[in-house]
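# Structural overview
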Amino acid sequence: ELKVEQNPLFLSMQEGKNYTIYCNYSTTSDRLYWYRQDPGKSLESLFVLLSNGAVKQEGRLMASLDTKARLSTLHITAAVHDLSATYFCAVDRETSGSRLTFGEGTQLTVNP
Amino acid sequence: GAVVSQHPSRVICKSGTSVKIECRSLDFQATTMFWYRQFPKQSLMLMATSNEGSKATYEQGVEKDKFLINHASLTLSTLTVTSAHPEDSSFYICSAQLHRDTQYFGPGTRLTVL
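Keep in mind the model is a prediction, meaning the values are calculated, not measured.

### Structural notes on the nonpolar core
Counting residues in hydrophobic clusters, the biggest one holds 25 residues, and the most contacted among them are L32(A), W34(A), L74(A), I76(A), Y87(A) and L108(A). Those elements giving two or more residues to this core turn out to be β2 (10–14), β3 (19–25), β4 (32–37), β5 (43–49), β7 (61–66), β8 (71–76), β9 (85–92) and β11 (106–111) of chain A. Grouped together as the second largest cluster of nonpolar side chains are 23 residues, V19(B), F28(B), A56(B) and L79(B) included.

Quick look at the structure:
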(Lines give C-alpha, C1' and ligand atoms only; values in the text may rest on other atoms or scores of the structure.)
Protein backbone atom coordinates (compact mmCIF):
# COMPACT_ATOMS: atom_id res chain seq x y z
CA GLU A 1 0.00 0.00 0.00
CA LEU A 2 1.34 3.38 -0.99
CA LYS A 3 1.90 5.78 1.87
CA VAL A 4 2.58 9.47 1.39
CA GLU A 5 3.90 11.49 4.31
CA GLN A 6 4.38 15.22 4.53
CA ASN A 7 6.56 17.08 6.94
CA PRO A 8 5.85 19.35 8.67
CA LEU A 9 2.07 19.19 9.04
CA PHE A 10 1.90 22.70 10.45
CA LEU A 11 4.22 25.52 9.55
CA SER A 12 4.11 29.05 10.86
CA MET A 13 6.62 31.39 9.35
CA GLN A 14 7.34 35.05 9.05
CA GLU A 15 7.14 36.98 5.86
CA GLY A 16 10.42 37.09 4.03
CA LYS A 17 11.69 33.77 5.35
CA ASN A 18 12.47 30.60 3.43
CA TYR A 19 11.28 27.12 4.24
CA THR A 20 10.90 23.66 2.73
CA ILE A 21 8.05 21.19 2.90
CA TYR A 22 8.96 17.54 2.43
CA CYS A 23 6.95 14.77 0.85
CA ASN A 24 8.07 11.15 1.21
CA TYR A 25 6.35 8.22 -0.44
CA SER A 26 6.73 4.54 0.09
CA THR A 27 6.66 2.86 -3.32
CA THR A 28 7.92 3.55 -6.78
CA SER A 29 6.07 6.22 -8.68
CA ASP A 30 6.97 8.43 -11.58
CA ARG A 31 4.44 11.16 -11.05
CA LEU A 32 4.13 13.54 -8.18
CA TYR A 33 1.82 16.49 -7.82
CA TRP A 34 1.64 19.51 -5.57
CA TYR A 35 -1.64 21.25 -4.85
CA ARG A 36 -2.76 24.23 -2.85
CA GLN A 37 -6.03 24.38 -0.96
CA ASP A 38 -7.49 27.50 0.61
CA PRO A 39 -9.98 27.10 3.48
CA GLY A 40 -13.34 25.85 2.26
CA LYS A 41 -12.11 25.62 -1.32
CA SER A 42 -11.06 22.92 -3.69
CA LEU A 43 -7.60 22.17 -5.00
CA GLU A 44 -5.45 24.32 -7.20
CA SER A 45 -2.74 22.54 -9.14
CA LEU A 46 0.75 23.92 -8.54
CA PHE A 47 3.23 21.48 -10.05
CA VAL A 48 3.43 18.17 -11.86
CA LEU A 49 6.78 16.40 -11.55
CA LEU A 50 7.27 13.61 -14.01
CA SER A 51 10.86 12.44 -13.77
CA ASN A 52 13.79 12.02 -11.46
CA GLY A 53 15.55 15.31 -10.94
CA ALA A 54 12.63 17.37 -12.17
CA VAL A 55 12.57 20.89 -10.83
CA LYS A 56 9.81 23.39 -11.43
CA GLN A 57 9.42 26.93 -10.22
CA GLU A 58 6.53 29.34 -10.14
CA GLY A 59 6.96 32.61 -8.34
CA ARG A 60 8.12 31.99 -4.79
CA LEU A 61 7.53 28.24 -4.96
CA MET A 62 9.91 25.64 -6.29
CA ALA A 63 9.28 21.91 -6.38
CA SER A 64 11.71 19.08 -6.97
CA LEU A 65 11.56 15.33 -7.26
CA ASP A 66 14.07 12.63 -6.36
CA THR A 67 12.53 9.32 -7.37
CA LYS A 68 15.43 7.30 -6.01
CA ALA A 69 14.96 8.74 -2.54
CA ARG A 70 11.17 8.81 -3.05
CA LEU A 71 11.20 12.40 -1.94
CA SER A 72 9.79 15.63 -3.22
CA THR A 73 10.31 19.07 -1.77
CA LEU A 74 8.36 22.28 -2.04
CA HIS A 75 10.59 25.22 -1.27
CA ILE A 76 9.17 28.58 -0.33
CA THR A 77 11.33 31.61 -0.92
CA ALA A 78 10.74 34.94 0.83
CA ALA A 79 7.27 33.97 1.99
CA VAL A 80 4.39 36.40 1.74
CA HIS A 81 1.04 36.32 3.51
CA ASP A 82 -0.79 35.30 0.33
CA LEU A 83 0.98 31.94 0.43
CA SER A 84 -0.94 30.97 3.56
CA ALA A 85 -2.87 27.82 2.64
CA THR A 86 -2.69 24.06 2.97
CA TYR A 87 -0.32 22.34 0.57
CA PHE A 88 -0.75 18.74 -0.47
CA CYS A 89 1.51 16.44 -2.37
CA ALA A 90 -0.02 13.51 -4.18
CA VAL A 91 1.52 10.48 -5.80
CA ASP A 92 0.19 8.52 -8.72
CA ARG A 93 -0.18 4.93 -7.67
CA GLU A 94 0.12 3.20 -10.94
CA THR A 95 1.50 3.25 -14.43
CA SER A 96 -1.87 3.71 -16.05
CA GLY A 97 -4.69 5.86 -14.89
CA SER A 98 -4.27 8.52 -12.25
CA ARG A 99 -5.39 7.19 -8.91
CA LEU A 100 -3.77 9.60 -6.52
CA THR A 101 -2.73 9.07 -2.94
CA PHE A 102 -2.48 12.33 -1.05
CA GLY A 103 -0.22 13.31 1.78
CA GLU A 104 -1.70 14.63 5.00
CA GLY A 105 -1.22 18.22 3.96
CA THR A 106 0.93 21.01 5.36
CA GLN A 107 -0.96 23.94 6.80
CA LEU A 108 1.18 27.00 6.14
CA THR A 109 0.61 30.28 7.92
CA VAL A 110 2.71 33.24 6.91
CA ASN A 111 2.68 35.98 9.51
CA PRO A 112 3.28 39.63 8.65
CA GLY B 1 -7.11 25.81 -17.08
CA ALA B 2 -10.14 23.68 -17.72
CA VAL B 3 -13.27 24.11 -15.68
CA VAL B 4 -15.02 21.48 -13.62
CA SER B 5 -18.23 22.33 -11.84
CA GLN B 6 -20.07 20.62 -9.03
CA HIS B 7 -23.65 20.98 -7.98
CA PRO B 8 -24.81 21.63 -5.39
CA SER B 9 -22.03 23.43 -3.55
CA ARG B 10 -23.71 22.83 -0.22
CA VAL B 11 -26.45 20.49 0.84
CA ILE B 12 -28.08 19.77 4.15
CA CYS B 13 -30.28 16.73 4.41
CA LYS B 14 -32.00 14.60 6.99
CA SER B 15 -30.64 11.26 8.03
CA GLY B 16 -31.94 8.45 5.85
CA THR B 17 -32.41 10.50 2.70
CA SER B 18 -30.36 10.24 -0.48
CA VAL B 19 -28.36 13.04 -1.99
CA LYS B 20 -27.10 13.36 -5.55
CA ILE B 21 -24.01 15.38 -6.41
CA GLU B 22 -23.18 16.26 -10.00
CA CYS B 23 -19.74 16.78 -11.46
CA ARG B 24 -19.42 18.32 -14.90
CA SER B 25 -16.43 19.03 -17.09
CA LEU B 26 -17.44 22.21 -18.87
CA ASP B 27 -14.91 22.54 -21.65
CA PHE B 28 -13.50 19.10 -22.29
CA GLN B 29 -14.62 15.52 -22.47
CA ALA B 30 -13.54 13.30 -19.63
CA THR B 31 -13.71 9.55 -19.94
CA THR B 32 -12.43 9.32 -16.40
CA MET B 33 -13.50 11.25 -13.36
CA PHE B 34 -12.62 10.71 -9.72
CA TRP B 35 -14.52 11.21 -6.50
CA TYR B 36 -12.78 12.16 -3.27
CA ARG B 37 -13.96 12.92 0.21
CA GLN B 38 -12.28 15.16 2.70
CA PHE B 39 -13.05 15.36 6.41
CA PRO B 40 -12.30 18.63 8.20
CA LYS B 41 -8.61 19.32 8.57
CA GLN B 42 -7.76 16.07 6.83
CA SER B 43 -6.46 14.97 3.49
CA LEU B 44 -8.35 13.87 0.41
CA MET B 45 -9.23 10.22 0.16
CA LEU B 46 -9.98 8.72 -3.21
CA MET B 47 -13.36 7.01 -3.12
CA ALA B 48 -13.79 5.77 -6.64
CA THR B 49 -12.85 6.10 -10.27
CA SER B 50 -15.76 6.88 -12.54
CA ASN B 51 -15.45 5.59 -16.09
CA GLU B 52 -17.77 6.73 -18.84
CA GLY B 53 -19.94 3.90 -20.06
CA SER B 54 -18.77 1.36 -17.51
CA LYS B 55 -18.98 0.61 -13.85
CA ALA B 56 -17.09 2.67 -11.36
CA THR B 57 -14.07 1.26 -9.60
CA TYR B 58 -14.28 1.68 -5.85
CA GLU B 59 -11.39 1.94 -3.44
CA GLN B 60 -11.04 -0.56 -0.66
CA GLY B 61 -13.42 0.16 2.18
CA VAL B 62 -15.84 2.28 0.15
CA GLU B 63 -19.33 0.80 -0.01
CA LYS B 64 -20.46 0.79 -3.61
CA ASP B 65 -24.10 0.34 -2.65
CA LYS B 66 -23.94 3.40 -0.47
CA PHE B 67 -22.05 5.64 -2.85
CA LEU B 68 -23.60 5.13 -6.26
CA ILE B 69 -21.64 6.52 -9.17
CA ASN B 70 -22.99 7.02 -12.66
CA HIS B 71 -20.87 8.37 -15.51
CA ALA B 72 -23.53 8.63 -18.16
CA SER B 73 -21.76 10.98 -20.54
CA LEU B 74 -18.31 12.30 -21.27
CA THR B 75 -19.03 15.47 -19.32
CA LEU B 76 -21.09 14.29 -16.37
CA SER B 77 -20.55 12.01 -13.42
CA THR B 78 -22.91 11.78 -10.47
CA LEU B 79 -22.36 10.56 -6.94
CA THR B 80 -25.43 9.56 -4.96
CA VAL B 81 -25.06 9.11 -1.25
CA THR B 82 -27.85 6.73 -0.36
CA SER B 83 -29.50 6.62 3.05
CA ALA B 84 -27.16 9.28 4.32
CA HIS B 85 -26.15 9.37 7.95
CA PRO B 86 -24.32 12.00 9.98
CA GLU B 87 -21.02 10.18 9.53
CA ASP B 88 -21.35 10.76 5.78
CA SER B 89 -21.09 14.48 6.37
CA SER B 90 -17.98 15.57 4.52
CA PHE B 91 -16.57 17.66 1.70
CA TYR B 92 -16.91 15.74 -1.56
CA ILE B 93 -14.63 16.75 -4.41
CA CYS B 94 -14.64 15.43 -7.95
CA SER B 95 -11.97 15.71 -10.57
CA ALA B 96 -11.98 15.17 -14.30
CA GLN B 97 -9.00 13.76 -16.10
CA LEU B 98 -7.96 15.60 -19.21
CA HIS B 99 -4.99 13.37 -19.86
CA ARG B 100 -2.66 11.12 -17.94
CA ASP B 101 -0.91 13.89 -16.03
CA THR B 102 -3.71 16.32 -15.51
CA GLN B 103 -6.79 16.29 -13.33
CA TYR B 104 -8.96 19.31 -12.87
CA PHE B 105 -10.76 19.50 -9.57
CA GLY B 106 -14.26 20.71 -8.97
CA PRO B 107 -15.06 23.29 -6.30
CA GLY B 108 -16.40 20.65 -3.92
CA THR B 109 -19.75 19.91 -2.30
CA ARG B 110 -20.19 20.23 1.42
CA LEU B 111 -22.67 17.66 2.67
CA THR B 112 -24.18 17.95 6.12
CA VAL B 113 -26.45 15.17 7.30
CA LEU B 114 -28.59 16.01 10.29
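Once you've had a look at it, read on.
### A short note on the state of the cysteines
Throughout the structure, instances matching the rule amount to two disulfides over all chains. A disulfide bridge connects C23(A) with C89(A), and the sulfur atoms are separated by 2.0 Å. Its S-S torsion of about 80° marks the bond between C23(A) and C89(A) as right-handed, since a negative value means left-handed. Of the two residues, C23(A) is situated in strand β3 and C89(A) in strand β9; the sequence distance between them amounts to 66 residues. Paired through a disulfide, C23(B) and C94(B) show a sulfur-sulfur distance of 2.0 Å. Sign of the S-S torsion, about 80° for the bond between C23(B) and C94(B), identifies this disulfide as right-handed. Here C23(B) is found in strand β3 (residues 19–25), whereas its partner C94(B) is found in strand β9 (residues 90–99), with 71 residues between them in sequence. For the pair shown, C23(B) and C94(B) are each scored as buried.

### A word on the packing of aromatic side chains
By the definition in use, this model includes nine aromatic pairs over all chains. Considering the side-chain rings of Y35(A) and F102(A), the 5.7 Å spacing of their centres and the 35° angle between planes classify their relative orientation as tilted. Highlighted residues: Y35(A) in strand β4 and F102(A) in strand β10 (residues 100–102), separated in sequence by 67 residues. In this pair, the class of Y35(A) matches that of F102(A), namely buried. A ring pair is formed by F102(A) and F105(B), whose centres lie 6.4 Å apart and whose planes are at 80°; its orientation type is edge-to-face. Taken together, the residues F102(A) in strand β10 and F105(B) in strand β10 (residues 102–105) connect one chain to another. Every member of this aromatic cluster is reached through a ring pair, and the members are Y33(A), Y35(A), F88(A), F102(A), Y36(B) and F105(B). In this structure, R110(B) is placed above the aromatic ring of F91(B), and the distance from its NZ or CZ to the ring centre is 4.5 Å.

### Describing the layout of surface pockets
Taken as a whole, the largest pocket encloses approximately 640 Å³ of empty space. In terms of lining, the largest pocket is formed by 26 residues, of which the most central are E1(A), R93(A), T101(A), M45(B) and L46(B). Mapped by element, the contributors of at least two residues to the lining of the largest pocket are β1 (4–7) and β10 of chain A together with β5 (44–51) of chain B. Residue contributions to the lining of the largest pocket peak at four residues, all from β5(B). Grouping the constituent residues of the lining of the largest pocket by class yields 10 nonpolar, five polar and 11 charged. Here the second largest pocket defines a volume of roughly 510 Å³. Looking at the second largest pocket, it is lined by 23 residues, and the ones nearest its centre are Q37(A), T86(A), Q107(A), Q38(B) and K41(B). Residue classes in the lining of the second largest pocket are distributed as nine nonpolar, nine polar and five charged.

### A word on the sheet that holds strand β7 (residues 67–73) of chain B
Residue and element names in this part refer to chain B. Read from one edge to the other, the open sheet built from four strands follows the order β1-β3-β8-β7, with strand pairing classed as antiparallel. Bordering the open sheet on either side are β1 (4–7) and β7, each of which pairs with just one other strand. With strand direction ignored, the average angle separating the axes of adjacent strands in the sheet is 15°. Note that β3 and strand β8 (residues 76–81) share six bridges and pair antiparallel. Note on β8: the bridge partner recorded for I21 is L79.

Basis of the calculations
Residues numbered from 1 in each chain as written. Chains lettered and ligands numbered in written order. Predicted model: local features only at pLDDT ≥ 70, side-chain atom pairs only at ≥ 80, totals over all residues. Heavy atoms only, no water. Core = buried A, V, L, I, M, F, W, Y, C linked by side-chain atoms within 4.5 Å. Buried < 20%, exposed > 50% of the residue type's maximum accessible area, 1.4 Å probe, protein only. Helix = DSSP H or I, 4+ residues; strand = E, 2+ residues; numbered from the N terminus. Disulfide = S-S within 2.5 Å. Phe/Tyr/Trp six-rings, centres within 6.5 Å; stacked < 30°, edge-to-face > 60°. Lys NZ or Arg CZ within 6 Å of the ring centre and 35° of its normal. 1 Å grid on protein atoms, 1.4 Å probe; cavity = no way out; pocket = protein on both sides within 12 Å on 5 of 7 lines; lining within 4 Å. Points joined across faces, edges and corners; volume = space filled by probe spheres on them. Nonpolar A, V, L, I, M, F, W, Y, C, P; charged D, E, K, R; others polar. Pairing = 2+ DSSP bridges. Axes fitted to C-alpha atoms, helices over the stretch in contact; angles between N-to-C directions.

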